[in-house]
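# A closer look at the structure
Next come the chains, spelled out residue by residue.
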Amino acid sequence: MKMSRREILAGGCALAVQARAGDVSAQQRLVMNDASRLNPTPLFRHFYVRSDEADFVAALRRELKEAAAVRRSVALGAARHSMGGQSLIRNGVAMTFDIDQCELDRTARIYRVHAGTRWHQVIAHLDPAGFSPAVMQSNSDFGVGATFSVNAHGWPTPYGPFGSTVRSIRLMLADGTILTCSRNANAELFALAMGGYGLVGVILDLEVEMTDNMLLQPRFEAMPAGEFAKRFIAASHDPAVPMIYGRLNVERERFFSEALLVSWRKEPTPAGGLPPPARKGALTGLSRQVYRAQVGREWGKSLRWHVERSIAPMLANGTASRNRLMNEPALNLANRDQRRVDILHEYFVSPDRFNEFLEGCRRIIPKAIAEFLNVTLRHVKRDPTSMLSFATTDRIAAVMSFSQRIDADGETDMIKVTEALIDLVGSIGGSFYLPYRLHARPDQFARIYPDAQRFSQRKRHYDPGLLFQNTMWNTYFNF
Ligand SMILES: Cc1cc2nc3c(=O)[nH]c(=O)nc-3n(C[C@H](O)[C@H](O)[C@H](O)COP(=O)(O)OP(=O)(O)OC[C@H]3O[C@@H](n4cnc5c(N)ncnc54)[C@H](O)[C@@H]3O)c2cc1C
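Residues numbered from 1 in each chain as written. Predicted model: local features only at pLDDT ≥ 70, side-chain atom pairs only at ≥ 80, totals over all residues.

### Focus on the overall build of the chain
Across its full length, the chain carries 14 helices and 20 strands. In terms of overall dimensions, the chain has a C-alpha envelope of 60 × 55 × 40 Å along the principal axes. Put simply, the chain has 479 residues, and 49% of those count as buried. Within the chain, counting contacts between residues at least 6 apart in sequence, those at least 24 apart form 70% of the total. (Helix = DSSP H or I, 4+ residues; strand = E, 2+ residues; numbered from the N terminus. Buried ≥ 20, exposed ≤ 12 C-beta atoms within 10 Å, placed from the backbone. Contact = placed C-beta atoms within 7 Å.)

### Quick look at the site of the ligand
In the vicinity of the ligand there are 33 residues, among which A78, S82, A146, A152 and G198 approach most closely. Looking at the shell around the ligand, the elements that each hand over two or more residues are strand 5 (74-77), helix 4 (144-150) and strand 12 (202-212). Examining the composition of the shell around the ligand, we find that 4 residues originate from one element, helix 4, more than from any other. In terms of residue class, the shell around the ligand is built from 17 nonpolar, 15 polar and 1 charged. (Near = placed C-beta within 6 Å. Nonpolar A, V, L, I, M, F, W, Y, C, P; charged D, E, K, R; others polar.)

### A few points about the domain arrangement of the chain
Each assigned domain of the chain is listed with its residue range as follows: domain 1 (5-94), domain 2 (102-212) and domain 3 (215-447). For domain 2 and domain 3, the distance between their C-alpha centres works out to 24 Å. Of the residues lining the interface, 29 residues belong to domain 2; the matching set on domain 3 comes to 32 residues. Of the residues that constitute the side of domain 2 that touches domain 3, the class distribution is 13 nonpolar, 13 polar and 3 charged. (Domains from an automatic or database assignment.)

### Considering the nonpolar core
Counting residues in each nonpolar core, the largest one holds 128 residues, and the members touching the most others are V74, F148, I169, A193, I203 and L206. With sequence-adjacent residues up to four places away left out, F148 is seen in contact with F162, G163, V166, I169, A193, M194, I203 and L206. (Core = buried A, V, L, I, M, F, W, Y, C linked by C-beta atoms within 7 Å.)

### Points about the environment of K266
Topologically, K266 is positioned in strand 15 (residues 258-267). Linking K266 and A320, residues 54 residues apart in sequence, is a C-alpha distance of 9.9 Å. Those residues in contact with K266 that lie beyond four places of it in its chain are M214, L216, A240 and P242.

### A few points about the sheet that holds strand 4 (residues 45-50)
Within the open sheet, the 3 strands sit side by side as 4-6-5. Their pairing is parallel. Here the strands that pair on one side only, and so sit at the sheet edges, are strand 4 and strand 5. The sheet shows a mean angle of 20° between the axes of neighbouring strands, direction not considered. As defined by bridge partners, strand 5 adjoins strand 6 (residues 93-98) across 4 bridges and the pair is classed as parallel. Bridge pairing links A75 to A94 in strand 6. Sitting on the sheet, helix 2 (residues 56-69) is in contact with strand 4, strand 5 and strand 6, with an inclination near 170° to strand 4. (Pairing = 2+ DSSP bridges. Axes fitted to C-alpha atoms, helices over the stretch in contact; angles between N-to-C directions.)

### Notes on the sheet that holds strand 13 (residues 215-224)
Taken together, the 8 strands give an open sheet; going across it, the order is 16-13-15-14-18-19-17-20, and neighbouring strands pair in antiparallel fashion. With partners counted over all chains shown, the strands left at the sheet margins are strand 16 (320-321) and strand 20 (431-432), one partner each. Of the strands in this sheet, strand 13, strand 14 (243-248), strand 15, strand 18 (371-380) and strand 19 (395-405) touch helix 6 (residues 225-236), which is tilted by about 15° from strand 15. Across the sheet, helix 11 (residues 408-427) touches strand 17 (340-349), strand 19 and strand 20, and the angle it forms with strand 17 is around 5°.

### Regarding the packing of helix 10 (residues 354-364) against helix 11
Packing of helix 10 against helix 11 brings their axes to within 10 Å, and their N-to-C directions diverge by 160°. In this view, helix 10 runs roughly antiparallel relative to helix 11, as classed from their interaxial angle. Classified by chirality, the crossing of helix 11 by helix 10 is right-handed. Residue-level inspection shows F357, G360 and I364 of helix 10 in contact with helix 11, the latter providing V417, A420, L421, L424 and V425. Its residues assigned to classes, the contact of helix 10 with helix 11 comprises 7 nonpolar, 1 polar and no charged. (Parallel < 35°, antiparallel > 145°, perpendicular 65-115°, else oblique. Left-handed = near helix turned anticlockwise from the far one by under 90°.)

### A few points about helix 6
Here helix 6 contains 12 residues, and its C-alpha end-to-end distance of 17 Å stays within 8% of the 16 Å for a straight helix at 1.5 Å per residue. In this structure, the buried side of helix 6 is in contact with strand 13, strand 14, strand 15, helix 10, strand 18 and strand 19. (Expected span 1.5 Å × (residues − 1).)

### Points about the pairing of strand 6
Most of strand 6 sits out of view: 6 of its 6 residues are buried. Burial of the side chains of strand 6 extends over both faces: V93, M95 and F97 are buried on one face and A94, T96 and D98 on the other. Pairing between strand 4 and strand 6: 6 bridges, direction parallel. Directly across from V49, in strand 6, lies its bridge partner F97.

### Brief notes about unusual backbone geometry
For the peptide bond that leads from T157 to P158, omega is 0°, which places it in the cis range. As for its position among the elements, P158 is in the loop between helix 4 and strand 10 (166-172). Although it is not a glycine, R80 adopts a positive phi angle of roughly 55°. Its place among the elements puts R80 in the loop between strand 5 and strand 6. Among the residues examined, R80 registers 26 C-beta atoms within 10 Å and is labelled buried. A positive phi is found at N151, a non-glycine position, where the angle reads about 50°. With respect to the element layout, N151 can be found in the loop between helix 4 and strand 10. By the C-beta count within 10 Å, which is 27 here, N151 ends up buried.

### Describing the environment of P450
Relative to the helices and strands, P450 is located in the loop between helix 12 (442-448) and helix 13 (452-462). Residue P450 is classed as exposed on the basis of its 10 C-beta neighbours within 10 Å. C-alpha of P450 to C-alpha of S389: the two residues are 61 residues apart in sequence and 9.7 Å apart in space.

### Some details on the environment of A69
Summarising the element assignment, A69 is placed in helix 2. Accessibility expressed as a C-beta count within 10 Å gives 9 for A69, which makes it exposed. The spacing of A69 and Q457 is 388 residues in sequence and 22 Å in space, taken between C-alpha atoms.

Take a look at the structure:
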């Protein structure tokens, strides 16, 4: 299979060749990376399927059979924005699906979507019909099947993670069998695949709930950080507030002392209809220059907080459609310094333990060498379905962004900060999110995901040849 440069980049390759790596010399070895740029992984082959590929299912079945015959592992992926090799396996086959297919059932208020469809494509299908995805991440670059596989959450409320809005999936197992899985049929496979990081089979397509698109107006409220949890939870349960998030200040001296609560309320639809969902960064409202000025500069962090807390609300004269808010490209505030990389962390804590979480973060984060750029706070309802659930009770999610140096000191520092933050959330009954760097110690992973061993046993039952693997499997499960 030949790959164009666009396809290679879409798959996140650092270096790639068109032949199978097994056929070529070491200099031409096929190496792919993920969004962190910290996981260069040599591969045997990149199986990349585009929209115009003829018989996707037959080609996929052939590829799995061929890999299984020689005991070669397969790692699945879409946009490869996970950051710890969750979509890659050394010397294996990396599969990338990039297939734009989405059909709406307006009466049932669901859409059937190919797993490889990206969220901006889903929005382009739903928007003209007046609908919007019920839950997705805060950026629209990711694949829908991948979103189910990490069980991502977003900032629409009141919802659990994405899986809570998925009615069913079609899953291809290692032997090529295709099963429809839902809460009623093949329920164990549904629970394993939801937040299962591509380890039980290939998700082909999904039936997902949609909701009405609508016009929304933001309301900004600044407050001491200690008051945030109570007011945030109250607003999250207000039916007049369909989308909500929070932010905290990040200067080292005054770390996490102030909060901003941004709630979006429904407005009447204008006579001319809702505005189109342009991918222009309606959500961030921050210029890239102001955001990046925070790296290495405490005054930059104060400036950014001043802009976000005081200036942006004054300038925010606008309403935006729900779809526009969700159609945010990940690249908006992206780092362009090749010596650094933005690394995400995410922690989930019960609202009644949130102030203890803040206190712990104040002790840990300002001491880090890494630059702490942002935290966004979300509300996530309990997820009772997924076997690797990160929200066993209702939670406040803290999505953190660090700018890290790409060198040994930068890595060491990041490992220490991550371990300390996971110990903190572990001590207050919280959890951490799995699609980022694999810096959690195995004992931390086992404590926070107590069903991991059962997950591993059931994965082995459905995939006895261990065809589906990735770096996360080898780090935490494969013992
Ligand atoms: C800028 C940024 C913002 C983010 N915002 C959020 C957020 O708001 N909320 C949130 O919850 N997360 C967020 N994340 C994390 C994000 O949801 C995950 O990293 C997600 O995996 C990204 O999707 P992807 O298409 O890049 O997945 P990939 O990294 O390509 O894959 C992720 C996992 O899905 C599996 N997978 C992919 N396709 C399939 C398939 N067809 N069948 C079975 N398994 C499959 C892969 O094996 C892998 O384990 C964010 C990440 C970034 C970088």
